[in-house]
Protein chains: 2
Amino acid sequence: MVATIFLFGCEREYNADIIIKNAHIITMDGKMSQFENGSLVVKDGQIVVVGENADIEKKYKAPEIIDGAGKLVMPGLINTHTHAAMTMFRGYADDIHLHDWLYEYIFPIEREFVTAENVTLGTKLAVAEMLRSGTTTFNDMYYFVDEIAKVVDETGIRAVLSKGLLDFPVPDSPTPGEGMEKTRQLIEKWDSHPRINVSVAAHAIYSCSPDLIINAKKIADEYGVSFNMHVAETLVEFDNIKQEHGHSPVTFLNDIGVLDENMIAAHCVHLTPEDIQLIAEKGVGVAHNPQCNMKIASGVAPIPELMSAGAKVGIGTDGPASNNDLDMFDEMRTTAFIHKLTSNDPTFMDAQTVVKLATVDGARVLGMEDQIGSLETGKKADIIILDLEKPHAHPLYNIYSLIVYSLKSSDVETVIIDGEIVMKNRNLINIQEDVLYKKFDSLSVEIGNRIREIVMMLNMNRNIK
Amino acid sequence: MVATIFLFGCEREYNADIIIKNAHIITMDGKMSQFENGSLVVKDGQIVVVGENADIEKKYKAPEIIDGAGKLVMPGLINTHTHAAMTMFRGYADDIHLHDWLYEYIFPIEREFVTAENVTLGTKLAVAEMLRSGTTTFNDMYYFVDEIAKVVDETGIRAVLSKGLLDFPVPDSPTPGEGMEKTRQLIEKWDSHPRINVSVAAHAIYSCSPDLIINAKKIADEYGVSFNMHVAETLVEFDNIKQEHGHSPVTFLNDIGVLDENMIAAHCVHLTPEDIQLIAEKGVGVAHNPQCNMKIASGVAPIPELMSAGAKVGIGTDGPASNNDLDMFDEMRTTAFIHKLTSNDPTFMDAQTVVKLATVDGARVLGMEDQIGSLETGKKADIIILDLEKPHAHPLYNIYSLIVYSLKSSDVETVIIDGEIVMKNRNLINIQEDVLYKKFDSLSVEIGNRIREIVMMLNMNRNIK
């Protein structure tokens, strides 16, 4: 639809879908423009204009006018790495070692409970949580991706979706070959959806043969989509790969030819100086997951060094079974804190830099910087509105400081994605949460019973040893 | 008032003030008792009984019945170190070095703006924030403590209050001698208040002469109250004190005879193995402030080592100008994450341990373990009720994991302190927040203008250099 022009006296009135006015708007554009008394106009899923109230107010009309007085308007947050459906295992196995977590708890329970139905349920709960906490785009790697895509379609969120490929049988495909075939089908079915990009995912070097990684990357290149991997998450992984292949994980991936600007590497905790240069030179995007890395004691990714080298970096939560939430505000705060601490420099990782990581820089990691990540004319209307009438939001000296160090995900009041309001005054438009909670409670009783059996068996085995 | 006994048929009915029923209750008592379908009865400011619904329901009646279905009931959180009124400087100078922050930004602006009126305003905003985030007791060190005590009295929160003593003139007293006299007056005026304990505070070794510290401690001992200090917060402090006195900060404090079970030492980041032993042996309470220590890049306090040695440890936020919030849920999460990371052991600092630090252990640090910190018969009724009907609160496998890794301060719905409801369904009973925000906005414009002048002068001085 083209904007219709009316003439009233000397004034033009353009029809739009949504106008937000009287708000404090931060755009995250190249100039870091902000408007303390600003307006933003949305039409046909896109941002038409953003600027001072006075300039915009007289020119546009819309059926939906949002009064932004006392509110902050900013780009929706971009979660560059997660496994959303793992909400079903949130809090099921905490405070244990990564290897035990993965092999004794997660893999056995996934084999039983990761079904099409449960993935639908788990993803829907995750989307509710993400919308409520201001995330408008998430980059997901999991199983039963067709079901995940349907949830994304229904709920109104934006996502990059990939099916995890591994050497061994996974819940939705008995062989890697079948997995790859499914990946092709997903791309052909969903990649043209206005809010879905399909990506290809080889889980990790330790769970995929070199051939699987190379062939997966070929599919990504054939379709021109992004390629996701877990890279150098733990020291054990680094040491094992070095021993097996004679190289660091990153150098190994470079040798087999998969590092390029369409690759998204999650974690990147254990890197050599050469790895950092490689990542920057090849244009690989890094998804930084500080909370998960701390919780599992994997280490701290050298984000300062990556950024100095010119690498693309975004923030991710990782899955809710290892974080244990999908809260990007919390993850921003931790990103600032942990790098000030490890660099021994409180001036490092300042608040504005961190907000960039969670918005524009995240968009670059996903290769979507021309569409999302900032509030600019022509970009997709992915917008969050936060209520500043809260004690912790006063006083306001520096808006970026306020966002990173004081605001909470629960301050997000209204969420617009692709020009549609998906949460209004904290009411989700497309998700019936009470129904969801009931279903989740039943599922968690079943999973809980199995956990008790698993723990009993683990203890028996330990006693036998 | 003594509980009246009625006889209806064969059943007794005791009169109470508040009954919470049908709730998931965690008591944090010595056995870590919890009740999945529990009740709790409050009368005359105290907890009368806590246990299974069925056992309690028939015995008690009360004018206020709170249905706890779908909710979590737990002890209110205890913030063992803060400077609440510094809300007025929240976000005013972030991402800079501690020394610059203190000497170039905080001290100059404090001299101008720390007035009785502004401290009242700043503390009231802080109390609003603390109640909204589930803190029921805070240990505060600041100036104009008589005004702070009035705010505590009016708003219904519980506090330990101390006036910071320093060698140089401070906003509410031109000399340390006058400061000590004021401290005596405060103890005599307020220490018998049911929700206020007055403490004595020598700010730090680097800001107080040995004589000032010794004399301040004498006042604390004379009245039998606790004694607060900032101890070994930064490496610069550690090195300077070592150079000046030939000892570590903790050893120096031991030498001048102030370390005992009535002392509360904030930070304790830089400790020798001997310091750790001393703190444990002397029974000194440690207030751990992980977020502030990360944000200012001070380091990570050796909390694992202190706990192994048997030291008392609680959690604090530090002031909102250096954190920048008063959110104990956030601080719990960071406590778990940072010590897993630095100990390189994900099994360390498990969720239950962290909840203990923020409740019962915090009460021990403040010397109040016989009154607060757990939900047990005879203890003060300081209780928070959280709404679990949120996406991030599902599923529930382990309640402590849920609290530390997933729940948010904004899930706190109702707060009871000393048997009085001070927040109900997120409405504060004794604080008019909209009026407060308006006053705060005016104040922050004034402070903001002065900041711009200060920054201009700092830049001029730097250019001249």
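Residues numbered from 1 in each chain as written. Chains lettered and ligands numbered in written order. Predicted model: local features only at pLDDT ≥ 70, side-chain atom pairs only at ≥ 80, totals over all residues. Heavy atoms only, no water.

## Digging into the interface of chain B and chain A
Okay, step 1: Contacts between the two partners involve 61 residues from chain B and, on the opposite side, 61 residues from chain A.
Okay, step 2: When the area that chain B buries against chain A is broken down by residue, the three leading residues are Asp-95, Pro-391 and Tyr-397 of chain B, summing to 16%.
Okay, step 3: Our enumeration of links across chain B and chain A arrives at 6 salt bridges.
Okay, step 4: Note that Asp-327 of chain B and Lys-408 of chain A form a salt bridge whose closest N and O atoms lie 2.7 Å from each other. (Contact = heavy atoms within 4.5 Å. Buried area = accessible area lost by both parts, 1.4 Å probe. Salt bridge = Lys/Arg side-chain N within 4 Å of Asp/Glu carboxyl O.)

## Focus on the nonpolar core
One recurring pattern in soluble globular proteins: nonpolar side chains tend to sit buried together.
Okay, step 1: Membership of the largest hydrophobic core comes to 268 residues, with the highest contact counts inside it found for Phe-89, Ile-213 and Leu-253 of chain A together with Phe-89, Ile-213 and Leu-253 of chain B.
Okay, step 2: Apart from residues lying up to four places away in sequence, Leu-253 of chain A is in contact with Ile-205, Ile-213, Met-229, Val-231, Val-258, Leu-259 and Met-263 of chain A. (Core = buried A, V, L, I, M, F, W, Y, C linked by side-chain atoms within 4.5 Å. Buried < 20%, exposed > 50% of the residue type's maximum accessible area, 1.4 Å probe, protein only.)

## Observations regarding the packing of helix 3 (residues 116-132) of chain A against helix 4 (residues 145-155) of chain A
Residue and element names in this part refer to chain A.
Okay, step 1: At a minimum axis separation of 9 Å, helix 3 and helix 4 run at an interaxial angle of 40 degrees. In the crossing of helix 3 with helix 4, the sense of the turn from one axis to the other is right-handed. Residues Ala-116, Val-119, Thr-120, Thr-123, Lys-124, Val-127 and Leu-131 of helix 3 lie in contact with helix 4, whose contacting residues are Glu-147, Ile-148, Val-151, Glu-154 and Thr-155.
Okay, step 2: Here the residues of the contact of helix 3 with helix 4 are counted per class, giving 6 nonpolar, 3 polar and 3 charged. (Axes fitted to C-alpha atoms, helices over the stretch in contact; angles between N-to-C directions. Helix = DSSP H or I, 4+ residues; strand = E, 2+ residues; numbered from the N terminus. Left-handed = near helix turned anticlockwise from the far one by under 90°. Nonpolar A, V, L, I, M, F, W, Y, C, P; charged D, E, K, R; others polar.)

## Considerations on the sheet that holds strand 9 (residues 77-82) of chain B
All names here are of chain B.
Okay, step 1: Here we have 8 strands laid out as an open sheet, ordered 9-10-11-12-13-14-15-16, and parallel in their pairing. Unpaired on one side and paired on the other, strand 9 and strand 16 (312-315) mark the two borders of the sheet. Ignoring strand direction, the axes of neighbouring strands in this sheet form an average angle of 25 degrees.
Okay, step 2: Across the sheet, helix 4 (residues 145-155) lies against strand 10 (135-142), strand 11 (158-165) and strand 12 (196-204), angled at about 170 degrees from strand 11, the strand it touches most. (Pairing = 2+ DSSP bridges.)

## Looking at the relation of the copies chain B and chain A
Okay, step 1: When chain B is fitted onto chain A, the two copies agree to an RMSD of 0.0 Å after a turn of 180 degrees and an axial shift of 0.0 Å. In short, the pair behaves as if placed about a two-fold rotation axis. Identified as the residue of chain B closest to the rotation axis by C-alpha distance is Ser-410 of chain B, at 3.3 Å. (Least-squares fit on C-alpha atoms with pLDDT ≥ 70 in both.)

## Some details on the domain arrangement of chain A
All names here are of chain A.
Okay, step 1: In terms of domain boundaries, chain A breaks down into domain 1 (3-74 + 380-428) and domain 2 (77-365).
Okay, step 2: Between the C-alpha centres of domain 1 and domain 2 the distance comes to 30 Å.
Okay, step 3: Taken together, the contact pairs 26 residues of domain 1 with 30 residues of domain 2.
Okay, step 4: Of the roughly 2300 Å² buried at the junction of domain 1 and domain 2 (both faces included), carbon and sulfur atoms supply 67%.
Okay, step 5: Considering only the side of domain 1, the residues that lose the most area to domain 2 are Met-28, Val-404 and Tyr-405, jointly responsible for 27% of the buried surface there.
Okay, step 6: Seen at the junction of domain 1 and domain 2, the total is 2 salt bridges.
Okay, step 7: Residue Arg-158 is joined to Asp-382 by a salt bridge in which the shortest nitrogen-to-oxygen separation is 2.7 Å.
Okay, step 8: Put simply, domain 1 and domain 2 have 7 residue pairs in polar contact (both at pLDDT 80 or more) between them.
Okay, step 9: At the level of secondary structure, the elements contributing two or more residues to the side of domain 1 that touches domain 2 comprise strand 17 (383-387), helix 15 (399-406), strand 18 (412-417) and strand 19 (420-424). (Domains from an automatic or database assignment. Polar contact = N/O pair within 3.5 Å; in protein donor to acceptor, adjacent residues only side chain to side chain.)

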